Amino acid sequence: MVKRYDAIILGGGPAGLTAGIYLGRARLKTAIIDSGSLGGQMIMTYAVANYPGVLEASGRDIAMTMKAQAKSFGCELFSNVEVTNIELSGDEKTIEVEDEGTFVAPVVIIATGGVPRTLGIPSEAEFKGRGISYCATCDGDFFTGKNVVAIGGGNTAIEESVALTKYASSVTVVHEFDHFQAHPFAVDQARNNPKVHFLMEQDIREFVGTDNLEKVIVAHKRTGEVTEIPAEGAFIFIGYVPNTDMFKGQVALNDRGEIIADESMQTDLPGVYAAGDSRVKRYRQITTAVADGSIAAMSATEYLRNRLQPASSVKNVA
Ligand SMILES: Cc1cc2nc3c(=O)[nH]c(=O)nc-3n(C[C@H](O)[C@H](O)[C@H](O)COP(=O)(O)OP(=O)(O)OC[C@H]3O[C@@H](n4cnc5c(N)ncnc54)[C@H](O)[C@@H]3O)c2cc1C
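First, a word on what this report is: a plain description of the structure on this page. On a predicted model such as this, the values are computed, not experimentally measured, just so you know.

### Quick notes on the site of the ligand
Point 1. The full set close to the ligand counts 30 residues, and D34, Q41, C138, D277 and I286 are the nearest of them.
Point 2. One of the side-chain nitrogen or oxygen atoms of N50 is found 2.9 Å away from a nitrogen atom of the ligand.
Point 3. The separation between an oxygen atom of the ligand and a polar main-chain atom of T112 is 3.5 Å.
Point 4. When isolated, the ligand has an accessible area of 1000 Å², and the protein chains bury 91% of it.
Point 5. Taken together, the elements giving at least two residues each to the shell around the ligand come down to α1 (14-25), β9 (114-116) and α7 (286-305).
Point 6. Here the shell around the ligand is composed, by residue class, of 11 nonpolar, 16 polar and 3 charged.

Right, here's the structure in full:
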């Protein structure tokens, strides 16, 4: 079965759903294909307090509203499906989806997001959302007056540790090396902040607590000396993994695997756009993802306007 569309969106997080809302409103026949649950990382977010127009809501509620909105504008939604092959070069792009057939469109918007890199120790999963976070902007406020640990030594770890001092009473930076990879200016700022403390050359052994996180156990990499750090929060800043493996060799990626796109979200391939956390960008938030999604959709609409026959006027062929 070949299904023809004006646009196919890969990924139904905030970037993909927003692109769908804009394309649907432009009366373009649009499919949103997600290998997981529609909603993306928002689904994992217990409380979102920084999405304008919403005082506070669960990420799931915001995701469900975006999904209903995309559907109300005519988007066809496919979730929990396996994308087995993609071909993005040429005028017509094809996406093979197991059990659904071949999707064809002149436009593809890649909005496959990514995931924060994890330490991979069992207790990390146990306390995720119960003390462990990967986003200071999102969750810092929940730790007002509390002791927190920040894990990592790059720019994000050091800058976010200083940002966390606005809320937390103390921030202990735990790093695996004896030096930081962060910019010296950022490190100086952290060193000059009386709320920030440092523990270098440490392995994270375990996160411990009853209902919520209570302490982080670390061990010195060379001496093996074990330290228990009392902490209600632990922020893990050890990098980010974009979901872009399947686009390698098709669109231009940087050395971290993020898709390179210009300010209209255009990639190096005509008709292929990237939006949200999967592209090269500095700030990864729901607001920045929805902004990308709307820009990608408007750029795609303009691109399609120059084409002769929109798929909305062509019947699917079996
Ligand atoms: C724990 C946590 C809390 C957060 N809290 C906040 C907050 O409070 N406020 C805030 O603004 N931001 C928050 N963020 C960040 C925010 O959720 C992300 O920046 C945002 O969701 C990115 O949107 P996206 O659409 O680009 O990608 P994602 O949300 O990652 O969505 C990508 C979608 O693509 C799908 N997908 C992946 N690979 C494929 C594929 N090959 N084919 C098809 N589909 C695919 C995934 O299943 C997913 O549904 C939080 C993030 C985390 C992890």
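That shown, we press on.
### Comments concerning the sheet that holds strand β13 (residues 196-199)
Point 1. Reading across the sheet, the 5 strands line up as β10-β17-β11-β12-β13 and stay open at both edges, with parallel pairing between neighbours. Both outer strands of the open sheet, β10 (132-133) and β13, are each paired with one neighbouring strand and no more.
Point 2. As defined by bridge partners, strand β11 (residues 147-151) adjoins strand β17 (residues 233-236) across 4 bridges and the pair is classed as parallel. Counterpart to A150 in the pairing with β17 is F235.
Point 3. Sitting on the sheet, helix α5 (residues 155-164) is in contact with β11, β12 (170-174), β13 and β17, with an inclination near 165° to β12.

### Considerations on the layout of surface pockets
Point 1. The volume enclosed by the second largest pocket comes to roughly 180 Å³.
Point 2. Together, T18, I21, Y51, V54, I62, T65, M66, Q69 and V290 line the second largest pocket.
Point 3. Elements supplying a minimum of two residues to the lining of the second largest pocket: α1 and α2 (59-72).
Point 4. Tallying contributions element by element places α2 first for the lining of the second largest pocket, with 4 residues.
Point 5. Looking at the lining of the second largest pocket residue by residue, the class counts come to 6 nonpolar, 3 polar and no charged.

Definitions and limits used
Residues numbered from 1 in each chain as written. Predicted model: local features only at pLDDT ≥ 70, side-chain atom pairs only at ≥ 80, totals over all residues. Heavy atoms only, no water. Near = heavy atom within 4 Å. Polar contact = N/O pair within 3.5 Å; in protein donor to acceptor, adjacent residues only side chain to side chain. Areas by Shrake-Rupley, 256 points an atom, 1.4 Å probe, with all protein chains shown as cover. Helix = DSSP H or I, 4+ residues; strand = E, 2+ residues; numbered from the N terminus. Nonpolar A, V, L, I, M, F, W, Y, C, P; charged D, E, K, R; others polar. Pairing = 2+ DSSP bridges. Contact = heavy atoms within 4.5 Å. Axes fitted to C-alpha atoms, helices over the stretch in contact; angles between N-to-C directions. 1 Å grid on protein atoms, 1.4 Å probe; cavity = no way out; pocket = protein on both sides within 12 Å on 5 of 7 lines; lining within 4 Å. Points joined across faces, edges and corners; volume = space filled by probe spheres on them.

Just distances and angles here, no functional claims.
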